[in-house]
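Read off the chains here:
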Amino acid sequence: MGTTQSGKTSLDSHWMPFTANYDFKQAPRMVVKGEGMHLWDESGHQLLDCSSGLFCVALGHCRKEITAAVSEQLSTLDFTSPFQLAQPKSFELASRLAELLPGDIGHVFFSNSGSESIDTAMKLIIAYHQANGEPRRIRIIARERSY
């Protein structure tokens, strides 16, 4: 774990989502390594990872071919703002996805999160109805206290 100028690591600065933070900080469970479908804690115990794939490592941890592809991309171009600029890889991916999509769905809009996706979908729905002569169709139904 990283240390502060005083030489001690503080667990107080980081609040973790969906975690009982007080309980966690009383008995922290730190993961320091991942490979394939396994994780290792600070004591060297191997754990079967049964949840990370839900989010971003569905193909496993630290796979060499993925690490190589990411490293190659990062050494070529790490980021381009999607506002008025573009880079070829996003168009390549969009074209590949459009080929796989059913029916006449032939366009892809990338976003960074579910919140951005929903926000964009709502804007597209409103724009669609305005373009079709129904500008008053703006009511959106949502659940209260939903994620």
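Look up: the structure comes first, before these words.
Residues numbered from 1 in each chain as written. Predicted model: local features only at pLDDT ≥ 70, side-chain atom pairs only at ≥ 80, totals over all residues. Heavy atoms only, no water.

A. Local environment of the pattern of salt bridges. For the coordinates displayed, the defined rule picks out five salt bridges. The closest approach of N and O atoms between K89 and E92, which form a salt bridge, is 3.9 Å. You can see K89 and its partner E92 sitting in helix α3 (residues 88-100), three residues apart, about one turn around the helix. Judged by relative accessible area, which is 42%, E92 ranks as partly exposed. (Salt bridge = Lys/Arg side-chain N within 4 Å of Asp/Glu carboxyl O. Helix = DSSP H or I, 4+ residues; strand = E, 2+ residues; numbered from the N terminus. Buried < 20%, exposed > 50% of the residue type's maximum accessible area, 1.4 Å probe, protein only.)

B. Up close: the pairing of strand β2 (residues 38-41). Both strand β1 (residues 31-35) and β2 contribute to a ladder of four bridges, which runs antiparallel. By the bridge assignment for β2, V31 is matched with D41. Between the antiparallel neighbours β1 and β2 lie two residues, among them G36 with a positive phi of about 60°. Judged from the three bridges that link them, β2 and strand β3 (residues 46-48) form a sheet pairing that is antiparallel. Pairing of W40 across the sheet is with Q46, part of β3. In this structure, the hairpin formed by β2 and β3 is closed by a connection of four residues, where G44 is found at a positive phi of approximately 90°. (Pairing = 2+ DSSP bridges.)

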